[in-house]
Amino acid sequence: MMQIHKKILAGLLFVGGLYACKKEAAIQPTPIPPFYTLPQGDQPYDDSILAFKDKYASYILYKFTNYDLVYEVAGVTPRVAARVANPQYIDTTLKLFRSVFMNYYPEDFLKKTMPYKILLAASIDTMNVTYLNVLQPSITGTFASPTTLAIGWADSTFIKKKYPARTLREWLTAAYMKHATMSGAMKIPDEFVMLAPPAYNEATSDPRGVGMLGQATLMADISIYWDFGMYVAYISSRSRAELENTIFKPNYDTKGLIRQKYEVVCNFFRNEYGIDLQAIGDRP
C-alpha cells in the first residue's frame, strides 16, 4: 500500500510540475517591440544602416519627428529643433561620421558607447545662451542627450561650407562624449569631477580660471558632461604642439587647471580603454 501511495504522490508531483511549467510559460511577459522600424527606405545606404543596427544596437534614423529628438524618459530636453535630412546627403553624412570619428576608436569602445538612436538632420536649431527665447541654427550641427546623438550635416548648406576634417572631428566628438557620459555608458573620472567648478552656471564669468574650454551653445550645456566632452574633443582634434601654443599658455590657463584636466582625461582613456587621445589629435 505504501508503494502505491508513493507512486500516486510521484504522479501528482509530476503533473503539478507540468502544470506549473505551463502556467509559468503562459504568464511570461510579451517582449516589448522596438520603438523604430528599419529600413526607412530602399536606398543603398539603408543596407549599411541595417548592418550598423545589427553591429552596434543603434538606430540611425533620417525620418523622424521633433518628438524623437527632444523626448527623454525623464522628461523633455532643452528647446531644440531639427529639419529632416536631405536624402541626397544622407550617405555623405554617414561617411563623415565614420571618417571623422568612428575610424579613430576601437570597436569595443564604440559598441559600449554608441547612442540608442542617431538622428541625421539637415540642420539643428538650438536656444543659445545669448538669445534665450529664440531658436537659432547650431554652428556645429550637433546635439546630444542621454539617448540621442543628432547630426545636422545632411544638407548642401552645411556640406558646401567645407569645414576641415579636424573641425568636424571636434564638433562630433564633443557631442558623442557628452551623450556617452549622460547616458552612463562612460563614467567621468573622479579626478575630473574634483577639478570641476562648484557650480557651472556661476563659472561663465571666468571660464579659463575654472578650466573650461570652448563656448557652450545651450545654457543647459554648461555642465560637467559638456565640460568633459569638450576636453576629449580638444585633445583628439589638436596636436600637442597646438595645445602648448594655445590653451596651455599661462595667459590662457591662468590657474593651471586646464593642463591638470588634460592629464586626467588622457590618463583615463589610456587606462580605461587603451586609447591614446593625443595620438588621435596628432593625426591629420
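Remember, predicted model here, so these are calculated numbers, not experimental data.

1. Observations concerning helix H4 (residues 90-100)
So, point 1. When H4 is considered as a whole, its buried residues turn out to be Ile90, Thr93, Leu94, Leu96, Phe97 and Val100. With its buried residues spanning 160 degrees around the axis, H4 presents them on a single face.

2. Here's the deal with the packing of aromatic side chains
So, point 1. Enumeration according to the criterion identifies 23 aromatic pairs in this entry.
So, point 2. Each ring, one from phenylalanine 248 and one from tyrosine 262, has its centre 5.0 Å from the other, and the planes form 80 degrees; the classification is edge-to-face. Here phenylalanine 248 is found in the loop between helix H10 (240-244) and helix H11 (257-273), whereas its partner tyrosine 262 is found in helix H11, with 14 residues between them in sequence. Accessibility classification places phenylalanine 248 together with tyrosine 262 in one group, the buried group.
So, point 3. Seen from the ring of tyrosine 104, arginine 169 lies directly overhead, with NZ or CZ sitting 4.3 Å from the centre.

3. Considerations on the side chain of glutamine 278
So, point 1. Within the secondary structure layout, glutamine 278 lies in helix H12 (residues 277-282).
So, point 2. Of the residues examined, glutamine 278 reaches a relative accessible area of 8% and is grouped as buried.
So, point 3. Look past the residues within four positions of glutamine 278 in its chain and what remains in contact with it is Ile235, Arg238, Ser239, Arg240, Leu243 and Tyr262.

4. Digging into the pairing of strand S8 (residues 148-151)
So, point 1. In S8, alternate side chains face the same way, and those of Thr148 and Ala150 on one face and Leu149 and Ile151 on the other are all buried.
So, point 2. Across three bridges, strand S7 (residues 142-144) lies against S8 in antiparallel orientation. Looking at the pairing, phenylalanine 143 lines up with alanine 150 of S8.
So, point 3. Between S7 and S8, which pair antiparallel and follow one another directly, the connecting turn spans three residues.

5. What about the packing of helix H2 (residues 44-56) against H4?
So, point 1. Between H2 and H4, whose axes approach to 10 Å, the crossing angle comes to 40 degrees. The orientation of H2 relative to H4 falls into the category oblique. Like other packed secondary-structure pairs, H2 and H4 cross with a definite hand, here left-handed. Of H4, the residues touching H2 (which contributes Tyr45, Ser48, Ile49 and Phe52) are Ile90, Asp91, Leu94, Phe97 and Arg98.

6. Quick notes on the pattern of salt bridges
So, point 1. On inspection of all chains with the given rule, the structure shows nine salt bridges.
So, point 2. The shortest N-O distance in the salt bridge between glutamate 242 and arginine 166 comes to 2.6 Å. Taken together, the residues span a long stretch of sequence, with glutamate 242 in helix H10 and arginine 166 in helix H7 (residues 165-183) at a distance of 76 residues.
So, point 3. Judged by its relative accessible area of 34%, glutamate 242 is partly exposed.
So, point 4. Between glutamate 170 and arginine 238 there is a salt bridge; the shortest N-O distance is 3.0 Å. With glutamate 170 in helix H7 and arginine 238 in the loop between helix H9 (224-237) and H10, this residue pair connects regions lying 68 residues apart in the sequence. Accessibility classification places glutamate 170 together with arginine 238 in one group, the buried group.
So, point 5. One network of salt bridges, with partners in common, ties together Arg240, Glu244 and Arg259.

Cut-offs applied
- Residues numbered from 1 in each chain as written.
- Predicted model: local features only at pLDDT ≥ 70, side-chain atom pairs only at ≥ 80, totals over all residues.
- Heavy atoms only, no water.
- Buried < 20%, exposed > 50% of the residue type's maximum accessible area, 1.4 Å probe, protein only.
- Helix = DSSP H or I, 4+ residues; strand = E, 2+ residues; numbered from the N terminus.
- Arc of directions from axis to C-beta.
- Phe/Tyr/Trp six-rings, centres within 6.5 Å; stacked < 30°, edge-to-face > 60°.
- Lys NZ or Arg CZ within 6 Å of the ring centre and 35° of its normal.
- Contact = heavy atoms within 4.5 Å.
- Pairing = 2+ DSSP bridges.
- Axes fitted to C-alpha atoms, helices over the stretch in contact; angles between N-to-C directions.
- Parallel < 35°, antiparallel > 145°, perpendicular 65-115°, else oblique.
- Left-handed = near helix turned anticlockwise from the far one by under 90°.
- Salt bridge = Lys/Arg side-chain N within 4 Å of Asp/Glu carboxyl O.

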